[in-house]
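Listed below, chain by chain, are the residues.
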Amino acid sequence: MTAPPAPDAMLSVRGVSLRFGGITVLDDVSFDAPRGGILGLVGPNGAGKTSLFNCISGHYQPAAGSILVDGTETVRTPAWRMARLGLARTFQHPALRLDATVLENVLLGAHSWLPGGPVAWALRLPTTRRHEREARARALELVERTGLGWAAHTRADELSHGLHKGVELCRALLARPKLLLLDEPAAGLSHAEVEQLIGTVRAVRQEFDLTVVVVEHHMGLISALTDRVVVLDHGAKLMEGTAAQAQSDPRVVEAYLGKEVGAGEPA
Amino acid sequence: MATATRPAPAATTTPPRSVVTRAAAAVAGLAVAVVLVVAPLVSSPYINFQLASIMVFAVALLGLNVIMGYTGQVSLGQSAFLGLGAYITAYGVLNDWPIALSLLLSAVVPAAVGMLVALAAARLRGLALAMITLALPIIGVPLARRFDGFTGGSQGQVVSWLRAPESLGLANDQWRYYVVAVIALVAFLLVRNLVRGRIGRSFAIVKENEAVALSMGVSPYRTKVLAFTIASALGGLSGFMYLAVVQYTSPETLVFATSINLVAAMVIGGSASIVGTALGALYYVLVPVLAGQVNSSRTALISGAVLLAVLFVLPAGLVSLPRRLARRRSARRGTRTAPHDTADDAATPTSTDGSAPAVPAPAATTTDQHP
């Protein structure tokens, strides 16, 4: 029934089901995200997109199924180990430390690869100091690349929501991911900010050789950015194809807008 | 994301603070250092005892701040570790251990106990950790009474140790002050380093949002265990210092009220702040003394009134006073010259984007998976 994982896939989701109590949130979802591509995950509200993200990032444990990240089975891997496997993600609502500067927020992204335990850091060993300097330089570079250089030392609570999203993206990128999950990156952004976001995601995908999976409602962003989309509805995969195919697919239109009156024929 | 129209600052490794602020901080730090070195030479034994007590409770508070201020986990059991450290040290003195061994074990044994407690308790969410830490002093006091072979029972242990070496020409109170001051200095330096780098950032994100912590490679569980272990070690260390200064310990040392007063002092000084920790210790030791001088039968009442007053005026603690004053000054200047700009007012979290939430909603509930 479910196909074996594609050999060139950075992410292979196979037969993933998720239940909360008696409610089936995800039902036997399978898809692949090809290496180096940008995959869109779309569907109406409550379709299970973010739940699927949470399964991939390890925040939720699916009841059944298999998730391979770069060939490694990760369903039983705790979420905090996923960063070391090359997975980074952003959240629908950027959760930053508002009392810390942009740079401090971004630096958290270096946690998974910065070496040294509490003793080394408490003693500020020369190697530890050097690693911290490198991480800071890298963080500043990312912040400047995404047009936030001027705000590097500004407290996060002095910045707008749109800028918070940029900071969160930098934080995820500093983790040096192979696979980047973006959860509604365009939500709450202005038109100009969405345009810039598209440019930024394209550029970093190229530069860091990333595979990107993006959950989004903004169809403009999905069309501009993604190679393929997977459409979810009621926790199940509805279809898979290009953004244009998805937008013209009657099943997708129905899922978003409801059934046309009089055209009642079951899908 | 705005386009980079503003000039990007040169790549610096430290956040640029104004030269004036830095100079002021350096001068203040130097002045404090000089006072701390010279004061015991010119003060009475009573004053030196108070100064040394400040050092003792500064280290206990430092530990509390690691778990509570920096990592955001409520701990109501710090006094138990202080007491444990004091009893271990007393046992060492009475059994002629080398002082270095007492010092080591006064930190290591409480750290091990704290770690065991946290390994079990940090799996629980919310106030469960607080409830378990609450039990520590409550169980600790009767235990200390009961095991009188080790603790001296209700009478406690009186010791006489850490006398000033003759060659130095110092009085005992001066010598003991310097010993605890050096220990406090080392502890503060280590914790300051710790909270600034990788580990400090993991503490901060566990406090802020565990879902984000998980996604960035931080295990909230391990981080809490680590923070609690460090807090317990520092609590035990402050017990060593306590015995050095007071030369006596009893079940009273670890009563629950001490834990609560430490929590209050941490908040008064400023949580998640090294300077705030020191200010909290000043408050902890000096306010009851001063209140006692005002009216010796109303000490608790006056202390409580001071606590409330500080919290009303400075909810972020004494450490926020300079920032608060600067903000007020700039706000006043702002109203005179230009339309009021609230961008630097922490009381109103700004959101320049009207539609966006000013405070990020917590992410979806997470399954905190344990290793």
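All chains use their own residue numbering, which begins from 1 and follows the written sequence. Labels are handed out in written order, letters beginning with A for the chains and numbers beginning with 1 for the ligands. Only residues with pLDDT of at least 70 are given local features in this predicted model, and only at 80 or more are side-chain atom pairs given and counted; all residues enter the totals for whole chains, interfaces and linings. Each side-chain value is derived from all of the structure's non-hydrogen atoms; neither hydrogens nor water enter the calculation.

By the naming in an unreviewed UniProt entry, chain B goes by Branched-chain amino acid ABC transporter permease and is assigned to Klenkia terrae. Looking at the Subcellular location (unreviewed entry) heading of the UniProt record, one finds this comment for chain B: "Cell membrane". UniProt positions are given in the numbering used here, feature names are shortened, and annotations may be inferred rather than shown by experiment.

**Regarding the overall build of chain A**
In this description a helix means any DSSP run of H or I spanning at least four residues, a strand means any run of E spanning at least two, and both kinds are numbered starting from the N terminus. Secondary structure summary: chain A contains 10 helices and 10 strands in total. Per-residue burial over chain A gives 59% buried out of 267 residues. Should any heavy atoms of two residues lie within 4.5 Å, those residues are counted as being in contact. Across chain A, contacts joining residues at least 24 apart in sequence account for 67% of those joining residues at least 6 apart. To be clear on the numbers: accessible area is Shrake-Rupley with a 1.4 Å probe, and residue cover counts the displayed protein chains and nothing else. On chain A, roughly 10,500 Å² of surface is accessible, and the fraction owed to carbon and sulfur atoms is 53%. Buried means the residue's accessible area, taken with a 1.4 Å probe over protein chains only, is under 20% of the maximum for its type, while exposed means over 50%, and partly exposed covers the values in between.

**Some remarks on the overall build of chain B**
Scanning chain B from terminus to terminus reveals 14 helices and two strands. Expressed as a percentage of contacts within chain B between residues at least 6 apart in sequence, the contacts between residues at least 24 apart total 74%. Surface summary for chain B: the accessible area is close to 17,800 Å², and the carbon and sulfur share equals 68%.

**Examining the pairing of strand β4 (residues 64-69) of chain A**
Both faces of the sheet carry side chains from a regular strand, because those side chains alternate between them. Residue and element names in this part refer to chain A. Of the strand pairs in this sheet, strand β1 (residues 9-20) and β4 are connected by five bridges, and their pairing is antiparallel. When the bridges of β4 are listed, Val13 appears paired with Ile67. Only when DSSP finds a minimum of two bridges between them are two strands counted as paired. In this structure, β4 lies alongside strand β5 (residues 72-73), joined through two bridges in antiparallel fashion. Across the sheet, residue Val69 finds its bridge partner in β5, namely Thr72.

**Side note on a nonpolar patch on the surface**
Exposure above 30% relative accessible area and the lack of any salt bridge qualify a residue for a patch; like charges then connect within 9 Å, and the nonpolar side chains Val, Leu, Ile, Met, Phe, Trp and Tyr within 5 Å. Any carboxyl oxygen of Asp or Glu that lies within 4 Å of a side-chain nitrogen of Lys or Arg is treated as forming a salt bridge with it. The grouping of Val119, Leu123 and Leu125 of chain A together with Val182, Val186 and Leu190 of chain B at the surface amounts to a nonpolar patch, some 490 Å² of accessible area in total. The dominant element in the nonpolar patch, judged by the number of residues it contributes, is helix α7 (residues 172-196) of chain B, at three residues. Take Val182 of chain B: it is sitting in helix α7.

**A few points about the sheet that holds strand β10 (residues 236-241) of chain A**
Residue and element names in this part refer to chain A. Pairing is mixed across the open sheet formed by six strands, whose spatial order is β6-β7-β8-β3-β9-β10. Of all the strands in the sheet, just β6 (87-89) and β10 have a single pairing partner and so form its edges. Pairs of neighbouring strands in the sheet enclose a mean axial angle of 20°, with direction left out of account. With four bridges joining them, strand β3 (residues 38-42) and strand β9 (residues 228-233) adopt parallel strand pairing. Within the sheet, the bridge partner assigned to Leu41 lies in β9 and is Val230. Axis definition: a line fitted to C-alpha atoms, limited for helices to the stretch in contact. Angles are taken between N-to-C directions and run from 0 to 180 degrees.

**Looking at the pattern of salt bridges**
Applying the stated criterion to the full structure yields 16 salt bridges over all chains. Between Arg136 of chain A and Glu104 of chain A there is a salt bridge, with its nearest N and O atoms 2.8 Å apart. Remark: Glu104 of chain A occurs in helix α3 (residues 102-107) and Arg136 of chain A occurs in helix α5 (residues 126-145); sequence separation between them is 32 residues. Pair check on accessibility: Arg136 of chain A and Glu104 of chain A agree, each one buried. Measuring nitrogen to oxygen at the nearest pair gives 2.8 Å for the salt bridge that ties Arg155 of chain A to Asp157 of chain A. Since its relative accessible area comes to 24%, Arg155 of chain A is described here as partly exposed. Judged by its relative accessible area of 13%, Asp157 of chain A falls in the buried class. A network of salt bridges, in which partner residues are shared, links Glu104, Glu132 and Arg136 of chain A together with Arg201 of chain B.

**Some words on the sheet that holds β1 of chain A**
Strand pairing in a sheet is mediated by backbone hydrogen bonds. Such pairs are either parallel or antiparallel. Spatial strand order, β2-β1-β4-β5 (chain A): four strands in an open sheet with antiparallel pairing. One side of each edge strand has no neighbouring strand; the edge strands of this open sheet are β2 (23-34) and β5 of chain A.

**Considering the packing of aromatic side chains**
Residues and elements named next belong to chain B. By convention, a stacked pair of Phe, Tyr or Trp rings (six-membered ring in the case of Trp) has centres within 6.5 Å and planes under 30 degrees apart, an edge-to-face pair has planes over 60 apart, and any other such pair is tilted. The full count for this structure, using the stated rule, is nine aromatic pairs over all chains. With centroids separated by 5.8 Å and ring planes inclined at 80°, the aromatic side chains of Phe81 and Phe228 adopt a geometry described as edge-to-face. Remark: Phe228 occurs in helix α10 (residues 220-246) and Phe81 occurs in helix α3 (residues 78-94); sequence separation between them is 147 residues. On the numbers, 6.4 Å between centres and 40° between planes, the contact of Tyr87 with Phe150 is tilted. With a gap of 63 residues between them, Tyr87 in helix α3 and Phe150 in helix α6 (residues 148-151) connect regions that are remote in the sequence. Taken together, Tyr87, Tyr91, Trp97 and Phe150 form an aromatic cluster joined through their ring pairs.

**Let's talk about helix α8 (residues 198-208) of chain B**
Most of α8 of chain B is tucked away: nine of the 11 residues are buried. Here α8 of chain B has its buried residues at Arg198, Ile199, Gly200, Arg201, Ser202, Phe203, Ala204, Ile205 and Val206 of chain B.

**Description of the confidence of the model for chain B**
All names here are of chain B. Considering every residue of chain B, the mean pLDDT works out to 86; 85% of them sit at 70 or more. Scored from 0 to 100, pLDDT reflects the predictor's confidence in each residue. Highest mean pLDDT in chain B belongs to α10 (98); lowest belongs to helix α14 (residues 321-337) (77). Scored below 50 in pLDDT, residues 1-14 shows 25 contacts in the model against residues more than four places distant or in partner chains.

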